[in-house]
Amino acid sequence: MSETVLQVKNLKLYYHTSKGAVKALDDVSFDLKAGETLGLVGESGCGKTTMGTGLLRMPTPPGRFEGGQILVEGRDILPLPEKEIRKDFRWEKVSMVFQGAMNCLTPVYTIGKQMMETLQEHRSMEKAEAQELIKEYLSYVGLPADVTSRYPHELSGGMKQRVVIATALFLKPRLVILDEPTTALDVIVQAQIINLLKKLKKTFDLSFIFITHDLALEAEVSDRICVMYAGKIAELGTNEQVYGGKGPAHPYTERLLAATPRLRRKVESLSFIPGTPPDLIAPPSGCRFHPRCPRVYERCRMEEPPVREIEPGHLAACWRCFE
Amino acid sequence: MSNGIDGDVILRVDDLKKHFTPHQGFLQSFGKVRKVVRAVDGISFEIRRGEIFGLIGESGSGKTTTGKLVMKLIDATSGRILFNGRDVTSIGHEETKEYRRQVQMIFQDPYASMNPRFKIRDVLEEPLEIHRITADRKERETRIVRALTEVKLTPPEDFMGRFPHMLSGGQRQRVATARTLILNPAMLVADEPVSMIDLSTRAEILHMMKDVQRDLGLTYLYITHDLSTARYFTDRIAVMYLGRIVEMGKADDIIDHPAHPYTRALIEAVPEPATGKVDVVKELPISGEIPSPSNIPAGCRFHTRCPYMKPECKEEAEPELMDLGSGHYHACRRWKEIG
Amino acid sequence: MKLEDAAYRLKEFWGEFRKERNGLVGLGILIAAVLAVLLEPLILPFPEASSRWRDITYWQDNSKSAPPAWTNLFTARKSAVALTLWDSRTEDRGPGEKAYIFSYDYEFSRAPYDLLLRGEGSGTIPLTVTVRRPDSNAVEIIRYVLQDLAGQTFRLSFTNEGKANALEFLRKTERPENAAQIATMSYGVPEILFSRAEPDFVKGPKPLAGRYEIEVTAGFTDPRASIEHMEIVVVGRVSGILGTDSMKRDIFSGVVAGMKWALMIGLLTSIVSVLVGVFYGITAAYFGGRVDSVMMLIFDYFISLPVLPILIVFSAVYKPSIWTIIAALILFFWVGPVKTVRSMALQIKEETYIEAAKALGAGHGRIIFRHMAPLLIPYSFASMALAVPGAIVYESSVSLLGLGDATIVSWGQILHDALGSGAVLSGLWWWVVPPGLLIAVMGMTFAFLGFAMDKILHPKLKTR
């Protein structure tokens, strides 16, 4: 494949609370090639969104990086001063569609004004020129130019999400992080947005990190899937490796997939994962998934499994998979 | 409407309408003509005793409004709601209270549907207080314990002293279910009860609700946008579009053999966890988004988005629900040609 | 709400509150103020200050416009401190004669204004007062016969009764060429008594420090004769903790006595008006529609009334008692929380659990009192605390204009008297600063408490 856009090496990001450090990201490594979509999946509270904001180097307080590297086009961004990050990196190279961002458009300004603000923050250009650019990007996401003079409440959810996506693409980033971009949308609109994203990816030669809790959706968009559990990578494999006939390697992925309801198949009983994700201040000993794992054995309780390649390009952190 | 399958009808909704007139200021009322929002625009269905009936639709389809109408949380503009053969749309205060003892509701958001200052015990005691079930402390305690056991929150004593925020989403939804069960209702209206619960535990709650339904012989009106869980959970479903039912019948029947183009599109759009679809742009039979209920298209209300639209769909009167046999109803005049 | 529940919440609240430094300062001051009110009888140097504030006779033996005693710390020339000598030694001097001997340690540069002999007597008693000085001179200063007393108080001023004797004592040591100046000098009896017996006194007396003995000899030949509670009052140049005003009143007693009124005006007004306002707001929000419109119209009328002018006119016309003033304040203050409460209640009303309660069959009363009102309790507490300073200041403003309740002492009234007597112009800062400062501090205390509570309890900021 082509060049590597993003490389995350042993990234650690902890939230420091009065009760102790919440290890939201604990030693996470992966990389992303140009033009590739990497899916981040997992239950709520497993570190997906933390990863998203972390990659923009703007962890939500009280989060702090505790180690590791984030290499964007080969350059580690963690030690850079904030000024440089803002000038060269955030929104310029990596942008993000935040979860629920479409509901965070300011209700008192027109869409055009809000998009203009983002643009002028980063580029000094004539107003007319900027307006042209805005209209151009609106047309990329399938919106008519007159949207600029409308207020957020006049738009439907799908249209607002398109505006947010257009805003994220403005400055021609290499990588766009999409955090649950379709969660609040209806299924038909969701399918439309997914189609749009696929189209934009080709047009702009983008890389995506697609964060969602829905494995079924992930199957339709991501080239590779990274399953996270309790701040760590449980499994990382290609779409084929995870969803293909052989089935996923890690029991967590397996259970998660089984719990995903399927429309086209009549089932008598849906399966689920009993229990809840662990407390990340004091995670369980050994493998963090062992209290909920159906295939647990002695070693899982004692030793933490490393992330290891089990077949070319397929990583997993499970003692069972190494056997 | 005839009964396809035997079984007595517990709830019958008859040409129910709810039109909202948007609130306007004094000065504004001189201006343009008020736009009426036709949230529910003439729907009829029947729910049989012991059945799980699903109401499916996108946001703006009027499914939640229908739920609130059935709960009598809002008043209907016209039409009838017959509960056990009795019209409940125009009953008085005391009768409404009695009706609400028999028809209970589970809300979408398990975080918001309980007063954050109430302990679980208080949450469950409230319906008993409201309906003055019993003043005896011990008797109340027994009922609370029984309800918690019913929803498998065990041991119940562990939960009674906690506040809602100390529970997970799934546990809260169990408490919400227990709160409805404590009054021994005949029917539950469940408005998206699992949509805010993590996928991994969603099924657990649905199992619990189904068990309760079987154990106690309850009837559910299950409102959701999610066809996948509806297929598993419900016996029959009705698909709503812009305040009307466009298709109704057995869940499996509808999902496997949809007759209405809207239902087809809905099914088509649901993602499937299978490989090999990343580079494919999904063919969507319909485009655009659901129009505003304040501006419902003339003729068949789906015609603006329908790939099979013919001039008559726009010009002629809206098609009524038609029976395909075996209780499968739809409202598309061109179903034969497109089937 | 159940008791253990309340205790739990209180504990939780305290845990949060402890972290608010301003709140703690406020709480500390409030506790001190409440203690001051409770222990008032023990603290007050003049126990009847509260009830006899405007009774001139109660204050007549005090010094006039005396600065606080502690001002001595900042000057080289110390002034005599106001003092009452009530401890005396009794000696029998032959048949029917008794001597009461008071000791007075004089360590000052500036003699007191006067000394007073005070007591309660019966019958006819001849009295002699002799001052024995540390330089072993004895001055017989007063000879006086108390005539036909029947238990009433007698007061003998050294300046009034002993001038002749004192001057005679002075003349013994003064140079003859200064004799003419004695008649015109500004020094009086106290200066003569407490200065060295040296020539050139008239040019500037030199203080004589040391132990003085004031001996009062009384003759008890009259069978009815008796003397009780005899004491010597030193009318000092400096007096008490906060000095005295031009009406000789002890300001410290005044401000302490005013504390309870300030607290009461503040708390009563705020509690009643916030309760009214909160329920008004909830009711308007909950019922909405026409009820809301009418209630908000009434509210708008009240909130647009200018409080102070109306209060002044009202007070000027009716000469109100403090209770009427409080009632009038409530009439204006209840609007305070209405708007916020209404908007909060509008939000709460939309919460799903309110809908859920309705679906369970709950009635209006239950929803308002069980579900909505408890959520507004924190805000109510905070706005109560924030309404207190306003109430105190308004009462003070009315009193400052001389329109307050004349039967009580309030800080505003003390200020009013001070301004009326030109205290600022004559430099009597100890009369103006304490009540003014206390009004400000009390306001600040409750504002601190209010802000701290607001921060902790505001439902919007609190994670559910």
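Structure shown above.
Residues numbered from 1 in each chain as written. Chains lettered and ligands numbered in written order. Predicted model: local features only at pLDDT ≥ 70, side-chain atom pairs only at ≥ 80, totals over all residues. Heavy atoms only, no water.

A.B. asks: With reference to specific residues and values, describe the sheet that holds strand E9 (residues 224-229) of chain A.
C.D. replies: Residues and elements named next belong to chain A. With respect to topology, 8 strands assemble into an open sheet ordered E6-E7-E8-E3-E9-E10-E12-E11, the strand pairing being mixed. The strands lining the two open edges of the sheet, one partner per strand, are strand E6 (94-97) and strand E11 (308-311). Each strand axis lies, on average, 25 degrees off the axis of its neighbour in the sheet, ignoring direction. Where E11 lies against strand E12 (residues 314-316), 3 bridges are found, and the strand directions are antiparallel. In the sheet register, Glu-309 faces E12, and the bridge partner there is Leu-315. (Pairing = 2+ DSSP bridges. Helix = DSSP H or I, 4+ residues; strand = E, 2+ residues; numbered from the N terminus. Axes fitted to C-alpha atoms, helices over the stretch in contact; angles between N-to-C directions.)

A.B. asks: Any chance you could break down the interface of chain B and chain A for me, citing the residues and the numbers?
C.D. replies: The interface is formed by 44 residues belonging to chain B together with 51 residues belonging to chain A. Counting the surface chain B buries against chain A, the share from its top three residues, B:Leu199, B:Pro273 and B:Val278, is 17%. On inspection of chain B and its partner chain A, the count reaches 3 salt bridges. Linking chain B to chain A there are 19 residue pairs in polar contact (both at pLDDT 80 or more). (Contact = heavy atoms within 4.5 Å. Buried area = accessible area lost by both parts, 1.4 Å probe. Salt bridge = Lys/Arg side-chain N within 4 Å of Asp/Glu carboxyl O. Polar contact = N/O pair within 3.5 Å; in protein donor to acceptor, adjacent residues only side chain to side chain.)

A.B. asks: Which residues make up helix H6 (residues 187-204) of chain A, and what values do they have?
C.D. replies: All names here are of chain A. Its 18 residues place the ends of H6 26 Å apart at the C-alpha level, agreeing with the 26 Å of an ideal helix rising 1.5 Å per residue. Across the 18 residues that make up H6, a large majority, 14, are buried. Following H6 by one or two positions, Asp-205 has its phi on the positive side, about 55 degrees. (Expected span 1.5 Å × (residues − 1). Buried < 20%, exposed > 50% of the residue type's maximum accessible area, 1.4 Å probe, protein only.)

A.B. asks: Report on the interface of chain B and chain C, specifying residues and quantitative values.
C.D. replies: On the chain C side, the residues contacting the 27 residues of chain B number 23 residues. Between chain B and chain C, roughly 2,300 Å² of surface is buried when both sides are summed, and carbon and sulfur atoms account for 56% of that area. On inspection of chain B and its partner chain C, the count reaches 3 salt bridges. Our count for the contact surface shared by chain B and chain C stands at 8 residue pairs in polar contact (both at pLDDT 80 or more). Elements represented by at least two residues in the side of chain B that touches chain C include exactly helix H1 (63-71), helix H2 (93-102), strand E6 (103-106) and helix H3 (120-130) of chain B. When residues of the side of chain B that touches chain C are assigned to their parent elements, the largest contribution, 6 residues, is made by H3(B).

A.B. asks: Can you tell me about the packing of aromatic side chains, naming the residues and giving the values?
C.D. replies: Each aromatic ring pair is characterised by the separation of its centres together with the angle its planes make. All names here are of chain C. Inspection of every chain in the model, using the stated rule, returns 36 aromatic pairs over all chains. With centroids separated by 6.3 Å and ring planes inclined at 75 degrees, the aromatic side chains of Phe-46 and Tyr-58 adopt a geometry described as edge-to-face. Placement of the pair is Phe-46 in the loop between helix H3 (40-43) and helix H4 (56-59) and Tyr-58 in helix H4, with a sequence separation of 12 residues. Members of the aromatic cluster, each reached through a chain of ring pairs, are Tyr-104, Tyr-106, Phe-108, Phe-194 and Tyr-212. Directly above the ring of Phe-220 sits Lys-98, whose terminal nitrogen or CZ lies 5.8 Å from the centroid. (Phe/Tyr/Trp six-rings, centres within 6.5 Å; stacked < 30°, edge-to-face > 60°. Lys NZ or Arg CZ within 6 Å of the ring centre and 35° of its normal.)

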